[in-house]
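# Close look at the chain arrangement
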Amino acid sequence: MSLPCLKDHSIDSLRERFQASGIERWRAEQVAGWLYARGVESFDEMTDLSRELRVQLAEQWSLRALEIDAVQRSLDGTLKAALRTRDGARLESVLIPEEARNTLCVSTQVGCPLACSFCATGALGFTRNLTAGEIVDQVCRMREVLGGAAEITNLVFMGMGEPLLNLANLTEAIRLLVHPKAFGLAPRRVTVSTVGVVPQIEELLSVAPIHLAVSLHATTDEVRDVLVPINRQFPLDVLLGELRRLEGVNKRRPVFFEYTLIDGLNDSLEDARRLAPLLHGIPAKVNLIPMNAHDDSEYRAPSPARIDGFLRAVAASGLRVTLRRSRGPDIQAACGQLALRGGHDHAA
Ligand code: SAH
């Protein structure tokens, strides 16, 4: 039988486990410091632990949750890693280098059960939730790929899967990411993107003052029902009502609304003008993403002129709005393209 993975546990949870097996509670911080702050990958390298303790830990715990299958580098510098779990499930994470930051886009599920009509991950179907260890090990593996050449400064849960359908493992992973003795990321540098699984949002925000991104994509239920089928369960007024109610909870952090622009579907000037009244009362930032085409969808991005017109109309309504430049489309690493295609023949 394989050993439990130590990376599945936040420091608090590890304290309890250590105590139960006769190890001092404070060792949890020490081990986490080695694993996440210093990036070691074996108990043997934890040189300020006694030999006996290292042996005991190695008998009780495994450390590695993921192996790297392949790494692809885009012409724009974006890196996509194809990863494998211990039971052979496959997933992808993407590193997006920008001038002042390096953002890692991590996955929370193998596949996704939500079947959004424009998303390639949705077309894969759902295999299983990732464990907390498999979530944080995506950071460890990408750091290994970078080899000290760059640091991961920001983290977005925008890879494969719906984070809020894997809330327990997601929150355990976030606790490690923001703990000063573990990864030590500032909560504002962590963003969780959701389609809006309404009953789970408040609990997520209670873990740490992270940023919330909401995949909106439409200004009417009629269109959103088609693009994001879970809208039938949590329609716009329910979702936006909850965000309004939680406005004070998340300490002035704006909600990022992602809006994938699809030609002829949600890209009219009426849509653009409906956004501001719809989002009224929510501190909002709108992020426009032109549809990234892929094999599982007929949808296409609008023309540049139409995108520009939409952007201007939203800006004129007083909302903060940005256009997201697509990163890594040549290696199928852009939003909505993660579907485990290729990547084995041109490993970097
Ligand atoms: N399930 C979560 C996390 C995934 S985030 C969520 O949907 O929010 C991935 C983002 O990429 C989402 O905003 C999603 O709507 C967007 N996306 C999916 N397919 C896309 C495509 N083909 N082109 C552009 N954006 C896409």
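Look up: the structure comes first, before these words.
Values in this document were obtained by computation on a predicted structure and should not be read as measured data. (Residues numbered from 1 in each chain as written. Predicted model: local features only at pLDDT ≥ 70, side-chain atom pairs only at ≥ 80, totals over all residues. Heavy atoms only, no water.)

### Concerning the pattern of salt bridges
Selection rule: Each reported salt bridge corresponds to a side-chain nitrogen of Lys or Arg within 4 Å of a carboxyl oxygen of Asp or Glu. Think of it this way: any DSSP run of H or I at least four residues long counts as a helix, any run of E at least two long counts as a strand, and we number them from the N terminus.
Using the criterion set out here, one finds 26 salt bridges in the structure. Salt-bridge contacts for Arg 27 lead to Glu 24; the nearest nitrogen and oxygen are separated by 3.4 Å. Between Asp 271 and Arg 274 there is a salt bridge whose closest N-O contact spans 3.0 Å. Separated by three residues within a single helix, Asp 271 and Arg 274 lie in helix α10 (residues 269-278), roughly one turn from each other. Each of the salt bridges in this network shares a partner with another, and the network as a whole consists of Lys 7, Glu 41, Arg 64, Glu 67, Asp 137, Arg 141 and Glu 144.

### Description of helix α6 (residues 167-178)
For clarity, the threshold we go by: Given a helix with a known number of residues, its expected span is that number minus one, times 1.5 Å. Only protein chains enter the accessibility calculation, which uses a 1.4 Å probe; a residue whose area is less than 20% of its type maximum is buried, one above 50% is exposed, and one in between is partly exposed. Contact between two residues is taken to exist if any of their heavy atoms lie within 4.5 Å; hydrogens are not considered.
Compared with an ideal rise of 1.5 Å per residue, which puts 12 residues at 16 Å, α6 spans 16 Å between its outermost C-alpha atoms and is within 8% of the ideal. Among the residues making up α6, those that are buried are Leu 167, Leu 170, Thr 171, Glu 172, Ala 173, Ile 174, Leu 176 and Leu 177. Summarising the contacts, the buried residues of α6 are in contact with α1 (11-20), α2 (27-37), α5 (132-146), β7 (154-157), β8 (190-194) and α7 (198-207).

### Some details on the pairing of strand β11 (residues 284-290)
For clarity, the threshold we go by: A pair of strands is considered paired only if DSSP assigns at least 2 bridges between the two. Whether a crossover is right-handed depends on one test, that the path from the first strand over the helix to the second runs clockwise when the strands point away from the viewer.
Most of β11 is tucked away: six of the seven residues are buried. Sheet topology note: the strand β10 (residues 255-261)/β11 ladder contains seven bridges and is parallel. For Phe 257, the partnering residue across the bridge sits in β11 and is Val 286. Taken together, β10, α10 and β11 constitute a β-α-β crossover, and its handedness is right-handed. Bridge count between β11 and strand β12 (residues 320-323): four bridges; the pairing is parallel. Along β12, the bridge assignment pairs Val 286 with Val 321.

### Considering the sheet that holds β11
The condition that has to hold: Under this scheme, a helix contributes an axis fitted over its contacting stretch, all axes are lines through C-alpha atoms, and angles between N-to-C directions fall in the 0 to 180 degree range.
With mixed pairing, the 10 strands of this open sheet are ordered in space as β1-β2-β3-β4-β7-β8-β9-β10-β11-β12. Since the sheet does not close on itself, it has two edges, and those belong to β1 (66-73) and β12, each with one partner. Across the sheet, the axes of successive neighbouring strands diverge by a mean angle of 20 degrees, strand direction being ignored. Relative to β8, β7 runs parallel, the two being bridged by three bridges.

### A short note on the site of the ligand
Note the threshold: For this purpose, a residue is taken to be near a molecule or strand whenever a single non-hydrogen atom of the residue falls within 4 Å of it. Working definition of accessibility: Shrake-Rupley area with a 1.4 Å probe, residue cover restricted to the visible protein chains.
Of all residues adjacent to the ligand, which total 20 residues, the nearest are Phe 118, Ser 193, Ser 215, His 217 and Asn 292. Relative to its free-state accessible area of 540 Å², the ligand is covered by the protein chains to the extent of 95%. Contributing elements (two or more residues each) for the shell around the ligand: β8 and β10.

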